[in-house]
Amino acid sequence: MSPPYSEACPSVKNILLLDSDGKRVAVKYFSDDWPTNAAKEAFERVVFTKTQKTNARTEAEIAMFENYIVVYKFVQDLHFFVTGGDDENELILATVLTAFFDSVGALLRGNVDKREALENLDLILLCIDEIVDGGIILETDPNVIAGKVASNSIDSNAPLSEQTLTQAFATAREHFTRSLLK
């Protein structure tokens, strides 16, 4: 049974970031269409195999696999994929892909490759969370996404002026707890 919002709101089935060998770098599934990890990995293999010979380096490409629309783009040794149902609007999925691609590029300061992605995996996963939650598209502006992710990654030793209100409260609570334990 599909969720009640599926008719009115565009949704994403998964966001995949694979390396040039088809191995996972960062993946997030928002649908029960693939109930097991083996089913997810099989889908990733099919998508990678069918798309690896295409030239999706300059702009996003769109393909249909197993009744899913997959929008994808490659850069260096990374392959970005966004999957939606066969009734989803390709332009919306392409917008999600562009948001993911551009925000990762901004967070990695233009150095988008596997090594850099693995070193900043936390930022990439936060990026996915900022774009889509439970399959619902939340944000597609890469500057906003990168800004939110960057503000979430500020460490607690940063000056309070560089922290969000929630981070400042968390830092204050942490300092207060430490002072009580002394």
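Being a predicted model, the structure only gives us computed values, none of them experimental.

Caption draft 1: Seen up close, the overall build of the protein. Along its length, the protein carries 6 helices and 7 strands. In sequence order, the protein lays out its α and β elements as β-β-α-β-β-β-α-α-α-β-β-α-α. Buried residues in the protein amount to 42% of all 182 residues. Here the contacts in the protein between residues at least 6 apart in sequence split such that 47% fall between residues at least 24 apart. Summed over all atoms, the accessible surface of the protein reaches about 10200 Å², with 52% contributed by carbon and sulfur.

Caption draft 2: Quick peek at the sheet that holds strand β5 (residues 78-85). Reading across the sheet, the 5 strands line up as β2-β1-β5-β4-β3 and stay open at both edges, with antiparallel pairing between neighbours. In this open sheet, the two edge strands, each paired with only one partner strand, are β2 (24-29) and β3 (61-65). Adjacent strand axes in the sheet meet at a mean angle of 20°, parallel and antiparallel pairs treated alike. Pairing analysis gives 5 bridges linking β3 to strand β4 (residues 68-75), with the strands arranged antiparallel. Opposite Ala63, over in β4, you have Val70 as the bridge partner. Against the sheet, helix α1 (residues 37-51) engages β1 (14-19), β2, β3, β4 and β5, with an angle of about 120° to β2. Strands β1 and β2 of the sheet are contacted by helix α4 (residues 121-131), whose axis makes an angle of about 25° with β2.

Caption draft 3: Representation of the packing of aromatic side chains in the model. Summed over the entire model, instances satisfying the criterion amount to 9 aromatic pairs. Ring centres of Tyr29 and Trp34 lie 5.3 Å apart, and the angle between their planes is 65°; this geometry places the pair in the edge-to-face category. The class of Tyr29 is buried, set by a relative accessible area of 15%. Members of the aromatic cluster, each reached through a chain of ring pairs, are Tyr29, Trp34, Phe43 and Tyr68.

Caption draft 4: Local environment of the nonpolar core. Grouped together as the largest cluster of nonpolar side chains are 34 residues, with contacts concentrated most on Val12, Ile15, Phe80 and Phe100. Listing elements by their share of this core, those giving two or more residues are β1, β2, β4, β5, α2 (90-107), α4 and α5 (142-152). With 9 residues, the top contributor of residues to this core is α2. The residues touching Ile15, leaving out its near neighbours within four places in the chain, are Ala26, Val27, Lys28, Phe30, Phe81, Val82, Val96, Phe100, Ile128 and Val132.

Caption draft 5: The environment of Asp33, seen in detail. Mapping Asp33 onto the fold places it in the loop between β2 and α1. Remark: the alpha-carbon pair of Asp33 and Asn14, spanning 19 residues in sequence, is separated by 9.9 Å. For Asp33, the contacting residues outside a window of four places in its chain are Lys13 and Tyr68. In this structure the side chain of Asp33 is engaged in a polar contact, spanning 3.2 Å, whose partner is the side chain of Lys13. Here the side chain of Asp33 touches Ser31 through a polar contact of 2.8 Å, side chain to side chain.

Caption draft 6: Examining α2 more closely. Helix length check: α2 (18 residues) gives 26 Å between terminal C-alpha atoms against 26 Å at 1.5 Å per residue, within 8%. Taken together, the buried positions of α2 are Leu93, Ala94, Val96, Leu97, Ala99, Phe100, Phe101, Ser103, Val104, Gly105 and Leu107. For α2, the side-chain oxygen to backbone nitrogen distance between the N-cap and Leu91 is 2.8 Å, and the N-cap itself is Asn89. At the C-terminal side of α2, Arg109 shows a positive phi close to 55°.

Caption draft 7: Inspection of the pattern of salt bridges at higher detail. A complete count under the given rule lists 7 salt bridges for this structure. As a salt-bridge pair, Asp33 and Lys13 come within 3.2 Å of each other at their nearest N and O atoms. With Asp33 in the loop between β2 and α1 and Lys13 in the segment before β1, this residue pair connects regions lying 20 residues apart in the sequence. Where Glu116 meets Arg115, a salt bridge forms, and the shortest distance between an N and an O atom there is 3.7 Å.

Definitions and cut-offs
- Residues numbered from 1 in each chain as written.
- Predicted model: local features only at pLDDT ≥ 70, side-chain atom pairs only at ≥ 80, totals over all residues.
- Heavy atoms only, no water.
- Helix = DSSP H or I, 4+ residues; strand = E, 2+ residues; numbered from the N terminus.
- Buried < 20%, exposed > 50% of the residue type's maximum accessible area, 1.4 Å probe, protein only.
- Contact = heavy atoms within 4.5 Å.
- Areas by Shrake-Rupley, 256 points an atom, 1.4 Å probe, with all protein chains shown as cover.
- Pairing = 2+ DSSP bridges.
- Axes fitted to C-alpha atoms, helices over the stretch in contact; angles between N-to-C directions.
- Phe/Tyr/Trp six-rings, centres within 6.5 Å; stacked < 30°, edge-to-face > 60°.
- Core = buried A, V, L, I, M, F, W, Y, C linked by side-chain atoms within 4.5 Å.
- Polar contact = N/O pair within 3.5 Å; in protein donor to acceptor, adjacent residues only side chain to side chain.
- Expected span 1.5 Å × (residues − 1).
- Salt bridge = Lys/Arg side-chain N within 4 Å of Asp/Glu carboxyl O.

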